[in-house]
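The primary structure of each chain is shown beneath.
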Amino acid sequence: MPPYYLRTNQPQKWHALQLNLAMDDDGSNPSPPYDLVILGASGFTGKYVVREALKFLNTPSSPLKSFAVAGRNHSKLLDTLKWAAKPNSPPPSIAILTADTADPVSLRMLCSRTRLVLNCVGPFRLHGGPVVAACVQAGCDYLDICGEPEFMERMEFVYHDQAVETGSLVVSACGFDSVPAELGWMFNSKQWVYPAVPNRIEAYLSLESDKNIVANFGTYESAVLGVAHMDKLIELRRSRPRRSKPKVRKKLSVLNLRLFVGLLARSSVGRWLLLNFPSFFSLGWFSKKGPSEDEVASASFKMWFVGRGYSDLRTSINVGDKEVDAEIITRIMGPDAGYLTTPIILLQCALIVLGQRDRLPKGGVLTPGIVFGPMDLQERLQQNGISFDVISRRIGSTK
């Protein structure tokens, strides 16, 4: 098998190659040659995902025995491998595959060669749909680092039933945008021992750095397009049958871009200004260059979960009439949220999929909490630099 595939301008030849690679000599379907493929590996976040994946390639007890990187530009992918492997040379076993989210044939080819796709190509509302479609059609699993609600809800609406049929497990937001919040809520909830019960859990986020760190343009672009198409999300939610969902109150002290985005994103001229001058309109928080390695290394996050509730549920049937008299505060801490914590989370989710697939849902478009909450993801994150701590506990004291 060659170390990489070159996509040509002759679809019929590419299609023939796809058919040849999809079958053994006896006509049977072989096992995919790669455990996972990192799509968009040469992007700003993608290269950190590659670096994280190298830590677990062929290590003791790791189910990751082979992987490939994929994207549109072979030379950029090769540079990514060199960067991620330094000071060593990239392992020769890692393949470089060319694929384009605008080319469904190349995506189908990609999905036929792997058990799992890690998608790092954003904005996902522009580039994610074809990747999900190809994975669902091929029956391979899919994880991404998306934080775009409209994309995630649309993928569930369009592909969930088909994914169940083909056995494709599709999980978005396997990064900082969802997992710390979901696992943090679960961790705080587990600290309440009956008859004490929580009434609500509030989350507070702090992003910290001793340098003037800026974020990658891709994150900013996703935010701009998300606000610009907010009406699409509202339309989608109104068109779907209502389902009961747990209610969690959250307060996040994060950067608020709505001052500029809300005014400009609705018009094509406004979007052009926002996307071509990100540093100006984000007050220097985002740039097309993105943060340096030193800036990424200097950053960290802290996320507090403040649970308030009742010390003894048995003393009052109608808890609405009972005064809150208990509080448990927990905290999650880790390195840079976007470029270090996100790859850590994504890779640990991927290793669970590869090593414990029979314990996960057979298929469907689901959330990280549903899929990975019952697994050992928290313990894995703790072993890889993300801490979970109980800060304080007050049960039964006065207000």
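Scroll up for the structure.
To start, this report covers the structure provided alongside it. (Residues numbered from 1 in each chain as written. Predicted model: local features only at pLDDT ≥ 70, side-chain atom pairs only at ≥ 80, totals over all residues. Heavy atoms only, no water.)

### So, the overall build of the protein chain
Stage number 1. Regarding its fold elements, the protein chain presents 16 helices and 14 strands.
Stage number 2. Within the protein chain, the fraction of its 399 residues that count as buried is 50%.
Stage number 3. If you sum the accessible surface of the protein chain, you get close to 19,900 Å²; carbon and sulfur atoms cover 54% of it. (Helix = DSSP H or I, 4+ residues; strand = E, 2+ residues; numbered from the N terminus. Buried < 20%, exposed > 50% of the residue type's maximum accessible area, 1.4 Å probe, protein only. Areas by Shrake-Rupley, 256 points an atom, 1.4 Å probe, with all protein chains shown as cover.)

### Concerning the sheet that holds strand 14 (residues 387-395)
Stage number 1. Strand order in the open sheet formed by four strands is 8-11-12-14, with antiparallel pairing between adjacent strands. Each of the sheet's edge strands pairs with one partner strand only, and the pair in question is strand 8 (197-209) and strand 14. Sheet twist, expressed as the average angle between the axes of neighbouring strands with direction ignored, equals 15 degrees.
Stage number 2. Pairing of strand 11 (residues 299-310) with strand 12 (residues 326-335) involves 10 bridges; the strand directions are antiparallel. When the bridges of strand 12 are listed, phenylalanine 301 appears paired with glycine 334.
Stage number 3. Lying on the sheet, helix 7 (residues 179-190) is in contact with strand 8, strand 11, strand 12 and strand 14; it crosses strand 11 at an angle near 40 degrees. (Pairing = 2+ DSSP bridges. Axes fitted to C-alpha atoms, helices over the stretch in contact; angles between N-to-C directions. Contact = heavy atoms within 4.5 Å.)

### Description of the packing of aromatic side chains
Stage number 1. Under the counting rule described, the total for this entry stands at seven aromatic pairs.
Stage number 2. A centroid spacing of 4.9 Å and a plane angle of 70 degrees characterise the contact between phenylalanine 176 and phenylalanine 301, whose relative ring orientation is edge-to-face. You can see phenylalanine 176 sitting in the loop between strand 7 (169-171) and helix 7 and its partner phenylalanine 301 sitting in strand 11, a full 125 residues away along the chain. The burial state of phenylalanine 176 is the same as that of phenylalanine 301; both residues are buried. (Phe/Tyr/Trp six-rings, centres within 6.5 Å; stacked < 30°, edge-to-face > 60°.)

### Overview of the packing of helix 5 (residues 124-138) against helix 6 (residues 149-166)
Stage number 1. Between helix 5 and helix 6, whose axes approach to 10 Å, the crossing angle comes to 5 degrees. Regarding the angle of helix 5 to helix 6, the classification is roughly parallel. Of the residues in helix 6, those in contact with Phe124, Arg125, Gly128, Gly129, Val132, Ala133, Val136 and Gln137 of helix 5 are Glu150, Phe151, Met155, Tyr159, Gln162, Ala163 and Thr166.
Stage number 2. Across the contact of helix 5 with helix 6, the residue classes tally to eight nonpolar, five polar and two charged. (Parallel < 35°, antiparallel > 145°, perpendicular 65-115°, else oblique. Nonpolar A, V, L, I, M, F, W, Y, C, P; charged D, E, K, R; others polar.)

### Concerning the side chain of serine 106
Stage number 1. Tracing the backbone through its elements, the reader meets serine 106 in helix 4 (residues 104-112).
Stage number 2. Of note is the side chain of serine 106, whose polar atom sits 2.8 Å from the backbone oxygen of aspartate 103. (Polar contact = N/O pair within 3.5 Å; in protein donor to acceptor, adjacent residues only side chain to side chain.)

### Describing unusual backbone geometry
Stage number 1. The omega torsion of the bond from lysine 86 to proline 87 falls at 10 degrees, within 30 degrees of zero and hence cis.
Stage number 2. Secondary-structure assignment places proline 87 in the loop between helix 3 (74-85) and strand 4 (95-98).
Stage number 3. A cis amide bond links glycine 122 with the next residue in sequence, proline 123, at an omega value of -5 degrees.
Stage number 4. A positive phi angle, near 60 degrees, is found at asparagine 58, a position not held by glycine.
Stage number 5. As for its placement among the helices and strands, asparagine 58 is situated in the loop between helix 2 (44-54) and strand 3 (67-71).
Stage number 6. For asparagine 58, a relative accessible area of 48% translates into the label partly exposed.
Stage number 7. Phi is positive for serine 61, which is not a glycine, with a value near 70 degrees.
Stage number 8. Tracing the chain through its elements places serine 61 in the loop between helix 2 and strand 3.

### Structural notes on the pairing of strand 4
Stage number 1. Side chains Ala95 and Leu97 of strand 4 all project onto a buried face; the interleaved residues Ile96 and Thr98 project onto the opposite face, where all are buried too.
Stage number 2. Here four bridges tie strand 3 to strand 4, and the two strands are oriented parallel to one another. Within strand 4, the residue paired with valine 69 across the bridge is isoleucine 96.
Stage number 3. Viewed along the sheet, the connection from strand 3 through helix 3 into strand 4 turns out right-handed. (Right-handed = clockwise from strand over helix to strand, strands pointing away.)

### Comments concerning helix 14 (residues 337-355)
Stage number 1. For helix 14, spanning 19 residues, the distance from its first C-alpha to its last is 25 Å, which sits close to the expected 27 Å at 1.5 Å a residue.
Stage number 2. Backbone nitrogen of glycine 338 and a side-chain oxygen of the N-cap are separated by 3.1 Å at the start of helix 14; the cap is aspartate 336. (Expected span 1.5 Å × (residues − 1).)

### Observations regarding the environment of isoleucine 370
Stage number 1. Mapped onto the elements, isoleucine 370 comes out in helix 15 (residues 368-372).
Stage number 2. Overall, the relative accessible area of 53% leaves isoleucine 370 in the exposed class.
Stage number 3. Spatially, the C-alpha atom of isoleucine 370 lies 9.4 Å from that of glutamate 182, the residues being 188 residues apart in sequence.

### Observations concerning the nonpolar core
Stage number 1. Grouped together as the largest cluster of nonpolar side chains are 92 residues, with contacts concentrated most on Ile38, Phe67, Leu118, Leu143 and Phe372.
Stage number 2. Considering every element that reaches this core, the biggest residue donor is helix 14, with 13 residues.
Stage number 3. With residues near it in sequence (within four places) discarded, phenylalanine 67 still touches Tyr34, Leu36, Ile38, Ala53, Leu54, Leu57, Ser93, Ile94 and Ala95. (Core = buried A, V, L, I, M, F, W, Y, C linked by side-chain atoms within 4.5 Å.)

### Some words on helix 2
Stage number 1. Helix 2 sits mainly inside the fold: 10 of its 11 residues count as buried.
Stage number 2. Within helix 2, the full set of buried residues consists of Phe44, Thr45, Gly46, Lys47, Tyr48, Val49, Val50, Glu52, Ala53 and Leu54.

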